[in-house]
Amino acid sequence: MKSIPRSRCARSVAAGLLSAALLTGGAVNAFAAASPTPPSSSASPAADKSITIKADKAAVQVGDQVIFIGRTKGLKVGSKLVLQHLNNGKWTTLQANTLVKNGSSYTLPGKLNAKGKEQLRVMGDDKTVSPTVVVTVS
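Residues numbered from 1 in each chain as written. Predicted model: local features only at pLDDT ≥ 70, side-chain atom pairs only at ≥ 80, totals over all residues. Heavy atoms only, no water.

Quick word on the overall build of the protein chain
We count it as follows: Per the convention used, a helix needs a DSSP run of H or I reaching at least four residues, while a strand needs a run of E reaching at least two, with both numbered from the N terminus. Under the scheme applied here, a residue whose accessible area is under 20% of the maximum for its type counts as buried, over 50% as exposed, and between as partly exposed, the area being computed with a 1.4 Å probe on protein chains only. Surface accessibility in these figures is a Shrake-Rupley result with a 1.4 Å probe; residues are shielded only by whichever protein chains are displayed.
A tally of regular secondary structure across the protein chain gives one helix and nine strands. Helices and strands appear in the protein chain in the N-to-C order α-β-β-β-β-β-β-β-β-β. Counting every position in the protein chain, which comprises 138 residues, the buried fraction comes to 25%. Summing over all exposed atoms, the protein chain offers an accessible surface of approximately 9500 Å²; the carbon and sulfur share of this is 59%.

Listed below in structure tokens is the structure:
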């Protein structure tokens, strides 16, 4: 009979320790969940902005016009868009520009005067850029 009380006592102590551990852990988790989390640096307003681009021709002659079309997300109607090309490793703004229309679309005609494969993109006035599109000029 002496083993029964010891067994109950050990179980009671173990259950008490386990309960205390769970309560302490739960309180820590509840405190952590209640504290506000600081905004992450990767989530920025610029992450919600984008520009798409598509050229109406993949290859043109020197001086021919190419029409770039696309849509914007997060840019205001009336925002200025400019056409840029990669020149000696730097993005240079060309003489073509337009405004974002209702429906967040744009149409941007541009003339290409340099022979070769032109890498082009559209940039908004808030520095949002589109992916690069390549047009071959011969």
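Concerning the pattern of salt bridges
For side chains of opposite charge, pairing can occur when their charged atoms come near one another. Quick reminder of the rule: Only one rule defines a salt bridge in this text: a Lys or Arg side-chain nitrogen within 4 Å of an Asp or Glu carboxyl oxygen.
Scanning all chains against the criterion turns up one salt bridge. In this structure, Lys49 engages Asp126 in a salt bridge whose closest nitrogen and oxygen atoms are separated by 3.0 Å. Of this pair, Lys49 sits in the loop between α1 (3–34) and β1 (50–51) while Asp126 is found in the loop between β8 (116–124) and β9 (133–137), placing the two residues 77 residues apart along the sequence. For Lys49, a relative accessible area of 30% puts it in the partly exposed group. Classification of Asp126 by relative accessible area gives partly exposed; the value is 30%.

Some thoughts on the nonpolar core
Defined as follows: The nonpolar core is taken to be a set of buried Ala, Val, Leu, Ile, Met, Phe, Trp, Tyr and Cys residues, with the residues joined through side-chain atoms within 4.5 Å. Whether two residues are in contact is decided by their heavy atoms, any of which lying within 4.5 Å being enough.
One finds Phe68, Val122 and Val135 to be the most contacted residues of the largest nonpolar core, which totals 19 residues. Of all the secondary structure elements, the ones that give two or more residues to this core are β4 (65–73), β5 (80–87), β7 (105–111), β8 and β9. Setting aside residues no more than four positions away along its own chain, Val122 makes contact with Ile51, Ile53, Leu81, Val82, Leu83, Tyr106, Leu108, Thr128, Val129 and Ser130.

Here we look at the pairing of strand β6 (residues 90–99)
Working note: regular strand, side chains alternate between the two faces of the sheet. We count it as follows: Any two strands between which DSSP finds at least two bridges are classified as paired.
Judged from the seven bridges that link them, β5 and β6 form a sheet pairing that is antiparallel. The residue of β6 that forms the bridge with Lys80 is Leu99. Where β5 folds back onto β6 in an antiparallel hairpin, the turn is made up of two residues, including Asn88, whose phi is positive at roughly 55°.

Here's the deal with the side chain of Ser79
Rule in force here: Polar contacts, as counted here, are pairs of nitrogen or oxygen atoms within 3.5 Å of one another; within protein the pair requires one atom able to donate a hydrogen and one able to accept it, and residues that are adjacent in sequence qualify only if both atoms are side-chain atoms.
Relative to the helices and strands, Ser79 is located in the loop between β4 and β5. At a separation of 2.8 Å, a polar atom in the side chain of Ser79 contacts the main-chain carbonyl oxygen of Lys76. Aside from chain neighbours lying at most four places away, what touches Ser79 is Thr98, Leu99, Val100 and Asp125.

Brief notes about the sheet that holds strand β3 (residues 59–60)
What links the strands of a sheet is backbone hydrogen bonding, and the strands pair in either a parallel or an antiparallel sense. Taken together, five strands build an open sheet; the order of strands is β3-β9-β8-β5-β6 and the sheet is mixed. Two strands in the sheet have a free side with no partner beyond their single neighbour: β3 and β6. Here β5 pairs with β8 via five bridges, running antiparallel. Residue Val82 lies in a different strand from β8, and its bridge partner there is Met123.

Here's the deal with the environment of Ser79
Residue classification places Ser79 among the buried residues on the basis of a relative accessible area of 10%. In the structure, Ser79 is positioned 25 residues away from Ser104 in sequence and 9.7 Å away in space, judged by C-alpha atoms.

A short note on the side chain of Thr128
Within the secondary structure, Thr128 is located in the loop between β8 and β9. Among the residues examined, Thr128 registers a relative accessible area of 9% and is labelled buried. Within polar-contact distance, the side chain of Thr128 engages the side chain of Asp126 at 3.0 Å.

Some words on the environment of Val66
Note that Val66 resides in strand β4. Owing to a relative accessible area of 0%, Val66 belongs among the buried residues under this scheme. Once the C-alpha coordinates of Val66 and Leu112 are considered, the two residues, 46 residues apart in sequence, prove to be 7.5 Å apart. Setting aside its immediate chain neighbours within four residues, Val66 contacts Ala55, Asp56, Lys57, Val60, Leu108, Pro109, Gly110, Leu112 and Val135.

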